Amino acid sequence: MLEVQQIVAGYGRLTALKGIDITVRKGEIVFVVGPNGAGKSTLLKAVSGLISPTSGDISFLGKSVVGNSPEHICRSGLALIPEGRHIFKTLTVQENLLVGSLVRRNSSEVRADMELVLDTFPILRDRLNGIAGHLSGGEQQQLAIARAILQRPSLLMIDEPSLGLAPLVIDQVYESLRHLNKNGLTLLIVEQSTRRMMELANRIYVVRNGNVVLEATPDNLLDERDLDAAYFGFASQPA
Ligand code: ATP
């Protein structure tokens, strides 16, 4: 579904991605993890058209999207929830959700999907007319996910869904992501922490200093120490 090939990208003279390869297949949950400043958010920005790579290719559903506008990429079925969620805090929950459906034309489908997301996130149904800025951090993350789902993406990319949330709330957010994936949504998730990945991921990429330093599946990752070694950049020690 998504093929990132040898992407080089950055900001002015700073090269944040130094030739990254990432693959996401239909139906998968793929994690990109790495420490602060590794280039994870830059990768999502490049895929969603917010920055242009200087070389390499990104293809989505078989077509190159390099050079396409973020709007065009979004309409082709690729949604991004950026770090910090970016909900409209002064609008109501319902208004935020309606913003998510603006790219859609078929209003009866939108209504059906609205019911689906409100079933997935019952707390949002309870707060439909409440101001979004009054929701807790976890509820705001659920709203950001629900709003993105209303765009009906084929692939949803989320930048650090667990950022700033309590462990129990992170579990709830991940449970809803697992549920959405079971219902056909493909996910590319960026996280700083490697917790929770093992039970969810089809594939894991560890990114450090603009490079992929490890690609693994939970099955072929023999030892979590290999993951830690790649993440922190030291050789894994024998037991
Ligand atoms: P974090 O987990 O801290 O968000 P990250 O892995 O997402 O880190 P990026 O945000 O992609 O890392 O940053 C990669 C590099 O690009 C870092 O050196 C960062 O300082 C730099 N960078 C990120 N955004 C900008 C920007 N808008 N302008 C200039 N440099 C930037």
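The structure we're discussing is the one just above.
Residues numbered from 1 in each chain as written. Predicted model: local features only at pLDDT ≥ 70, side-chain atom pairs only at ≥ 80, totals over all residues. Heavy atoms only, no water.

Remarks on the side chain of Glu-191
Within the element layout of this structure, Glu-191 appears in strand β8 (residues 186-191). The exposure class of Glu-191 is buried, given its relative accessible area of 3%. Ignoring sequence-local partners within four residues, the contact set of Glu-191 consists of Phe-31, Val-32, Val-33, Gly-34, Lys-40, Glu-160, Pro-161, Ser-162 and Tyr-174. (Helix = DSSP H or I, 4+ residues; strand = E, 2+ residues; numbered from the N terminus. Buried < 20%, exposed > 50% of the residue type's maximum accessible area, 1.4 Å probe, protein only. Contact = heavy atoms within 4.5 Å.)

A short note on helix α4 (residues 107-120)
For α4, spanning 14 residues, the distance from its first C-alpha to its last is 20 Å, which sits close to the expected 20 Å at 1.5 Å a residue. Looking at α4, one finds that the buried residues are Val-110, Asp-113, Met-114, Val-117, Leu-118 and Thr-120. Summarising the axial view, the buried residues of α4 lie within an arc of 150 degrees, below the 170-degree limit, and thus occupy one face. Away from the buried face of α4 by more than 90 degrees, exposed residues Arg-111 and Asp-119 are located. (Expected span 1.5 Å × (residues − 1). Arc of directions from axis to C-beta.)

Structural notes on the nonpolar core
Ranked by size, the top nonpolar core spans 42 residues in total, and within it Leu-97, Ile-145 and Leu-156 carry the most contacts. By residue number, the principal contributor to this core is helix α6 (residues 137-149), which donates 6 residues. The residues contacting Ile-145, other than those within four sequence positions of it, are Ile-81, Phe-121, Leu-156, Ile-158, Val-173, Leu-177 and Leu-180. (Core = buried A, V, L, I, M, F, W, Y, C linked by side-chain atoms within 4.5 Å.)

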